[in-house]
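Residue-level structure breakdown
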Amino acid sequence: MSIALKTPEEIREMRTACRLAAEVLDYIAPFVKPGISTAEIDRLCSDYMVNVQHTTSATLNYAPPGYPPYPASVCTSLNHQICHGIPGPKSLKKGDILNIDVTVVTPQGFYGDTSRMFIIGNASILAKRLCQVTYECMWLGIAAVRPGAHLGDIGHIIQRHAEGNSFSVVREFCGHGIGRRFHEEPQVLHYGQRGGGSELRPGMIFTIEPMINAGKAAISELSDGWTIVTKDRSLSAQWEHTVLVTEDGVEVLSLSAGCPPPPKLIDGPLVSATNAAVAALPPAPLS
Ligand code: MF3
Ligand code: CO
Ligand code: CO
């Protein structure tokens, strides 16, 4: 079991793959309104990937051992759904919270993976706070990434922030290495001990994608074989970026012109570098 260190060439390819994944979210954002169904969101994202980007969806027909082939091009996880929600005919309504998770594969064979929360109309104070705290969890995890740090440092800070806000961390799913394969070493847990787990080295690429529940951490799986929900049916939120360990810190690869800026509780060079990188990106093509 070893964690690949990507070559400069692979890093360039991954920058492209991850930006393209983020641009699918930029493209779909204006459509995510009351009345649209998650199946329509899936179709729009699929058309954009295939016809505009010339990427393919990594999730469509994805079938790891023991799972039926995943039937859609993006995952849409609504309200108490934690992850892997299957798009369907149900329309969004005011007060919903929705995660859209996009993984594209470029023609060169590289995977880019990112997800965001969307708040439909005016959600409850709890729903908004859950989305915000989960966003902060992801960014605190990102800010812990540097050579010499450990995977456990990422999990620890995420767990501390989530539980410090009386939320809970989903244990059964984690971030993952990514490159020419969808899921590779390491597993990036969203809970843990400072100093635990593998040491980070320049060239590693992995996702940070905390799933945070408003109630208890326990999960259930629906009979569709994919959708994961909170056992207590409390709300759940998730954000995901793909990141690179650099010589002196971290680079977020899944940035796009439309991605939200780092939250206020993050500061320092990471924020200026991220904001400068976002400002330098051209807007995603519309259609
Ligand atoms: N994109 C998800 C992740 O972040 C995986 C989705 S697998 C699917 O790892 F099959 F459910 F789409
Ligand atoms: Co992922
Ligand atoms: Co994902």
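As the structure is a computational prediction, the values presented were derived from the model and not from experiment. (Residues numbered from 1 in each chain as written. Chains lettered and ligands numbered in written order. Predicted model: local features only at pLDDT ≥ 70, side-chain atom pairs only at ≥ 80, totals over all residues. Heavy atoms only, no water.)

Concerning the environment of P283
Positionally, P283 belongs in the segment after α5 (269-280). Using a relative accessible area of 66% as the deciding quantity, one classes P283 as exposed. In this structure the C-alpha to C-alpha distance between P283 and S256, which are 27 residues apart in sequence, comes to 7.5 Å. (Helix = DSSP H or I, 4+ residues; strand = E, 2+ residues; numbered from the N terminus. Buried < 20%, exposed > 50% of the residue type's maximum accessible area, 1.4 Å probe, protein only.)

Things to note about the coordination of the cobalt ion (ligand 3)
Every protein donor of the cobalt ion (ligand 3) is accounted for by D101 (OD), D101 (OD), D113 (OD) and E240 (OE), and the metal-donor separations fall at 2.0 to 2.4 Å. Viewed at the metal, the 6 donor atoms of the cobalt ion (ligand 3) are separated by angles of 58 to 166 degrees, and the geometry they form is irregular. Read N to C, the donor residues that coordinate the cobalt ion (ligand 3) are spaced as D-x11-D-x126-E. Taken as a pair, the cobalt ion (ligand 3) and the cobalt ion (ligand 2) lie 3.3 Å from each other and share D113 as a ligand. Placement of the pair is D113 in strand β5 (residues 111-119) and E240 in the loop between β13 (236-238) and β14 (241-245), with a sequence separation of 127 residues. We classify D113 as buried; its relative accessible area is 2%. Under the relative-accessibility criterion, E240 is labelled buried at 1%. (Donors = N, O, S within 2.8 Å, 3.2 Å for Na, K, Ca; no water. Tetrahedral: all angles 85-135°; square planar, octahedral: opposite > 155°, others 65-115°.)

A few points about the packing of helix α1 (residues 8-28) against helix α2 (residues 38-53)
A pair of packed helices is captured by two measures, namely the crossing angle of their axes and the spacing between those axes. Here α1 crosses α2 at 130 degrees, and the two axes come no closer than 10 Å. Relative to α2, the element α1 lies oblique. Along this stretch, α1 crosses α2, giving a crossing that reads as right-handed. On α2, the residues touching L20, E23, V24, Y27 and I28 of α1 are I41, L44, C45, Y48, M49 and Q53. (Axes fitted to C-alpha atoms, helices over the stretch in contact; angles between N-to-C directions. Parallel < 35°, antiparallel > 145°, perpendicular 65-115°, else oblique. Left-handed = near helix turned anticlockwise from the far one by under 90°. Contact = heavy atoms within 4.5 Å.)

So, helix α4 (residues 151-164)
For α4, built from 14 residues, the straight-helix expectation of 20 Å at 1.5 Å per residue is met to within 8% by its first-to-last C-alpha distance of 20 Å. Most of α4 is tucked away: 10 of the 14 residues are buried. For α4, every residue scored as buried is listed here: L151, G152, D153, I154, G155, I157, I158, Q159, H161 and A162. The elements touched by buried residues of α4 are α3 (125-143), β6 (168-169), β8 (184-188), β9 (205-208) and β10 (211-213). At the C-terminal side of α4, S166 shows a positive phi close to 65 degrees. (Expected span 1.5 Å × (residues − 1).)

Some points on the packing of α3 against α4
Interhelical geometry of α3 versus α4 gives an angle of 155 degrees and a closest axis separation of 8 Å. The angle between α3 and α4 falls in the class roughly antiparallel. In the crossing of α3 with α4, the sense of the turn from one axis to the other is right-handed. Across from V133, E136, C137, L140 and G141 in α3, the residues of α4 making contact are I154, I157, I158, H161 and A162. In the contact of α3 with α4, the residues fall into 7 nonpolar, 2 polar and 1 charged. (Nonpolar A, V, L, I, M, F, W, Y, C, P; charged D, E, K, R; others polar.)

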